[in-house]
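Below, each chain spelled out in residue letters.
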Amino acid sequence: MQSAVARSKPLPVVARVSQDHSTGLYLISVRNYDPNPLVLDLAGPLLWWPCMGQEEKEQAIPCSSGTCRVANRNHPPNCPYVDGGRPRSPEPSCNCTAYPYNPVNGKCGSGGLTWEWLSANATDGRRPLYPVAAGLKVSNKFALCLPHVAIFGGGPVHIPGSDDDVETVTDHLSRTRLLRNPRNNAYYMDDAGIAGGVALSTVTPYTALRPDIYRAVLTAFDAATAGLPRVSQAPKPLERCFNLTMMNQMGMWTGSLPVAVDLMLADGKNSTFTSLSAMHEVVPQTLCFAFVEMGAGTVAAYAVPDSPAVVVGCHHMENNLLEFDLKMGVLRGVRGREGGWERPDRQGPRREGGG
């Protein structure tokens, strides 16, 4: 493995993101000498994978270490403790036990907490350059563009179809405060239009709304789309779907439908789900309202145990470049569009968004 050349400002590192189409989960390739990717989970407190017995023993972490305390800070709900392996154990031979949590089925397990080198590629913002260990010191920022790439360490990040990098572009976009919930490790946006936070999840397929909010939004949506031809049975977990073939015959274009959804953020800006993103062609010729009700039996209920009012899912995060500035507590966003990237002061009227 090559080491990074000494620089006054370390280059950011880039990792490939892909999607597993059988589960819909996003995967990231950061394991050293291992082609198997890991699930990308913004709220996940641990990276976990099956270990060989000898590997687990050789790379074990002592119970007395600070790492053990951090790994056990957010114990999964309804996950029973096993004997031994507790943080701060006085036993000199005690190896730390961790409790990985599966966000898809809500189940948890236990296993030895170990360490392993992770690896990625340094980048100049345009292309991968050379492999580096994940211990490379970079700024406390990361950028995410589903379903393609994750970048750790801030910019510059060149945007395809633009002469600008992400640091320049985000100066022209509104930004919103980014909060971190210590109880579940989730990233939140502070909102003003509804009672409760707005979380971001990369393991929730569609944006989920708390039941009282969802029912009010669905009622308004039904009133706005009363003239659209509905299908008799919507594919789960979506509830309201329409016949796209009949809509086309009626001369309806989905981009002009009156179904935009606004999230009113605490900074006075709106994050808008336009009609194109609020609807999703789940199966051929079936167009569905891409929001679900939060509750038992849905992935959203398991993704964030201390449930916020809204969990923004993968569908509404795709094709947007999101920059998480953890030091400043700020989320910046660059919205994608067909044929390039949207720059508000160059692509028609400026439209404020919260991410």
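Let me sum up the structure you'll find in this document. Since this is a predicted model, take the numbers as computed values, not measurements. (Residues numbered from 1 in each chain as written. Predicted model: local features only at pLDDT ≥ 70, side-chain atom pairs only at ≥ 80, totals over all residues. Heavy atoms only, no water.)

### Concerning the state of the cysteines
We apply this condition: Disulfides are defined in this document as cysteine sulfur pairs within 2.5 Å. Every helix listed is a DSSP run of H or I at least four residues long, and every strand listed is a run of E at least two residues long, numbered separately from the N terminus. We call a residue buried when its accessible area falls under 20% of the maximum for its residue type, exposed when it is over 50%, and partly exposed in between, using a 1.4 Å probe and counting protein chains only.
Under the definition given, this model contains four disulfides. Paired through a disulfide, cysteine 241 and cysteine 288 show a sulfur-sulfur distance of 1.9 Å. The S-S bond linking cysteine 241 to cysteine 288 shows a torsion near 100°; that makes this disulfide right-handed. Of this pair, cysteine 241 sits in strand S14 (residues 241-243) while cysteine 288 sits in strand S18 (residues 286-289), placing them 47 residues apart in sequence. Across the pair, cysteine 288 and cysteine 241 agree in class, each one buried. Counting only the cysteines that take part in disulfides, in the order they occur along the protein, gives the pairing 1-4, 2-5, 3-6, 7-8.

### Things to note about the packing of aromatic side chains
Here a ring pair, both rings aromatic, is described through the centre-centre distance and the interplanar angle of the planes. As a reminder, the rule being used: Only the six-membered ring of Trp is used, alongside the rings of Phe and Tyr, when aromatic pairs are assigned; centres must lie within 6.5 Å, and planes under 30 degrees apart are stacked while those over 60 apart are edge-to-face, with the rest tilted.
Applying the stated criterion across every chain, the model contains six aromatic pairs. With a centroid separation of 5.3 Å and 75° between ring planes, the pair formed by tyrosine 81 and tyrosine 99 is classed as edge-to-face. Note that tyrosine 81 is positioned in the loop between helix H2 (66-71) and strand S4 (97-98) and tyrosine 99 in the loop between S4 and strand S5 (111-112), a separation of 18 residues in sequence. Looking at tyrosine 99, the relative accessible area reads 5%, which means it is buried. Each member of the aromatic cluster is reached from another via a ring pair, and the members are Phe221, Phe242, Phe289 and Phe291.

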